[in-house]
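Chain by chain, the residues run as shown.
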Amino acid sequence: MKVISYGGGVQSTALLVLAARGAIDFRTFLFANVGDDSEHPATLAYVREIAVPYAARAGLDIHELKRRRRDGATETLMQRLNRPDTRSIPIPVRMANGAPGRRNCTADFKIKVVGRWLREHGATAENPAVVAIDISLDEIHRANRRRREAHEVIEYPLLDLRLRRNDCERIITEAGLPVPPKSSCFFCPFRTVDAWHHQRRHEPELFAQSVRLEETINRRRAALGRDAVYLTRYGIPLTQAIPNASPRDDGADEDEGACDSGWCMT
């Protein structure tokens, strides 16, 4: 069994095009959706309106997966964060000193979801599935950070082909597809400062939801006698860290975090 862990971003979409061209030997793509209330709407739109039809025309399969609890019910990341009984925070919120906290979101809502699908379709430790990860040459430092399940063998086709992110953009454009936006949860604490400014100016509803989430987390922490945490590195509430009147709004600066999901490219 050979699959590509598809995140809906630039690198994973380049893998989709390469597979359609027959340049890599993969036909199955697994998109672990952390929740329609959590993924950035632009990523969901790209996957469903552009990537899925393109894959179908090429004879490829994109399976959209969701996290399931033991009782069979689905759970989104936003639902987990808003559960009244949740004591730990699965996203890398920033401590008062700006350092990120523990992060379980990629493992719980991406890697384990893909791993469960693989087990259900026959992957075992004795007969593991090959899982391709969309790390490009300019991100080679991330290659050994990705957690591996016992029934997986990890491959990096973009590294094998020595392709960088700009090569991936070119491959997508040459296929006649628009270049996808960076994939991430819209409230991810690893978002860049410019991306937060862009969200406040151009996506006010998403920004308001991010503010409410930060407030909800801190009300719960205050009740437990714990210090406040934040969605930016500045150690102050989001509305203060990202003022409304700001000239910065293009979201084009470099990634400031070390998220090994690459903003949810798994």
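As a reminder, the structure under discussion sits directly above these lines.
Residues numbered from 1 in each chain as written. Predicted model: local features only at pLDDT ≥ 70, side-chain atom pairs only at ≥ 80, totals over all residues. Heavy atoms only, no water.

Caption draft 1: Layout of the pairing of strand β3 (residues 61–65). Looking at chain direction, strand β2 (residues 28–32) and β3 are connected through five bridges and run parallel. From the neighbouring strand, A32 faces β3, where its bridge partner is L65. The β-α-β motif built from β2, the intervening helix α2 (residues 41–57) and the parallel element β3 has right-handed crossover chirality. (Pairing = 2+ DSSP bridges. Helix = DSSP H or I, 4+ residues; strand = E, 2+ residues; numbered from the N terminus. Right-handed = clockwise from strand over helix to strand, strands pointing away.)

Caption draft 2: The arrangement of the environment of K182 in detail. Among the structural elements, K182 can be located in the loop between α6 (165–174) and α7 (193–202). Residues K182 and A56, spaced 126 residues apart in sequence, show a C-alpha to C-alpha distance of 23 Å.

Caption draft 3: Examining the pattern of salt bridges more closely. A full pass over the atoms with the stated rule returns 17 salt bridges. Put simply, R83 and E75 hold a salt bridge, and the shortest N to O gap is 3.0 Å. You can call R83 partly exposed: its relative accessible area is 30%. For E75, a relative accessible area of 3% corresponds to the buried category. The partner of E120 in a salt bridge is R116, and the shortest N-O contact between them spans 3.3 Å. Of this pair, E120 and R116 both sit in helix α4 (residues 105–120), four residues apart, which is roughly one turn of that helix. Accessibility expressed as a relative area gives 45% for E120, which makes it partly exposed. Taking relative accessible area as the criterion, R116 reaches 29% and is therefore assigned partly exposed. Ionic contacts of the salt-bridge type, sharing partners, join the residues R67, E75, R80, R83, D85, D108 and K112 into one network. (Salt bridge = Lys/Arg side-chain N within 4 Å of Asp/Glu carboxyl O. Buried < 20%, exposed > 50% of the residue type's maximum accessible area, 1.4 Å probe, protein only.)

Caption draft 4: Examining the environment of T239 more closely. Of note, T239 is situated in helix α9 (residues 238–241). A relative accessible area of 38% places T239 in the partly exposed class. Through-space distance from the C-alpha of T239 to that of S210 is 9.7 Å; in sequence the pair is 29 residues apart. Ignoring anything within four residues of it in the chain, the contact list for T239 reads R200, F207 and V211. (Contact = heavy atoms within 4.5 Å.)

Caption draft 5: Here's a closer look at unusual backbone geometry. The backbone of R162 sits at a positive phi, close to 55°, despite the residue not being glycine. Tracing the backbone shows R162 in the loop between α5 (157–160) and α6. Looking at R162, the relative accessible area reads 58%, which means it is exposed.

Caption draft 6: Main features of the packing of α7 against helix α8 (residues 204–223). Running from N to C, α7 and α8 cross one another at 115°; their axes reach a closest spacing of 5 Å. In this structure, α7 uses W196, Q199, R200, R201 and H202 to contact α8, whose residues at the interface are P204, L206, F207 and S210. (Axes fitted to C-alpha atoms, helices over the stretch in contact; angles between N-to-C directions.)

Caption draft 7: Just the packing of aromatic side chains, in detail. Inspection of every chain in the model, using the stated rule, returns three aromatic pairs. Arranged with centres 6.1 Å apart and planes meeting at 85°, the rings of Y6 and F29 form a pair that is edge-to-face. With Y6 in the loop between β1 (2–5) and α1 (10–21) and F29 in strand β2, this pair connects stretches of sequence that are 23 residues apart. With relative accessibility at 0%, the residue Y6 sits in the buried group. With 5.0 Å between their ring centres and 85° between their planes, F186 and F187 make a pair best called edge-to-face. (Phe/Tyr/Trp six-rings, centres within 6.5 Å; stacked < 30°, edge-to-face > 60°.)

Caption draft 8: Fine view of the nonpolar core. Within the largest apolar cluster, 29 residues are counted, with the highest numbers of intra-cluster contacts made by Y6, L16, F29 and I62. At the level of secondary structure, the elements contributing two or more residues to this core comprise α1, β2, α2, β4 (129–132) and α6. For this core, the element with the highest residue contribution is α1, accounting for seven residues. Sequence-distant contacts of Y6, defined by excluding residues within four places in its chain, comprise S12, T13, L16, F29, L30, F31, A32, Y46, V47, A51 and I62. Grouped together as the second largest cluster of nonpolar side chains are 26 residues, M78, F109, V211 and L238 included. (Core = buried A, V, L, I, M, F, W, Y, C linked by side-chain atoms within 4.5 Å.)

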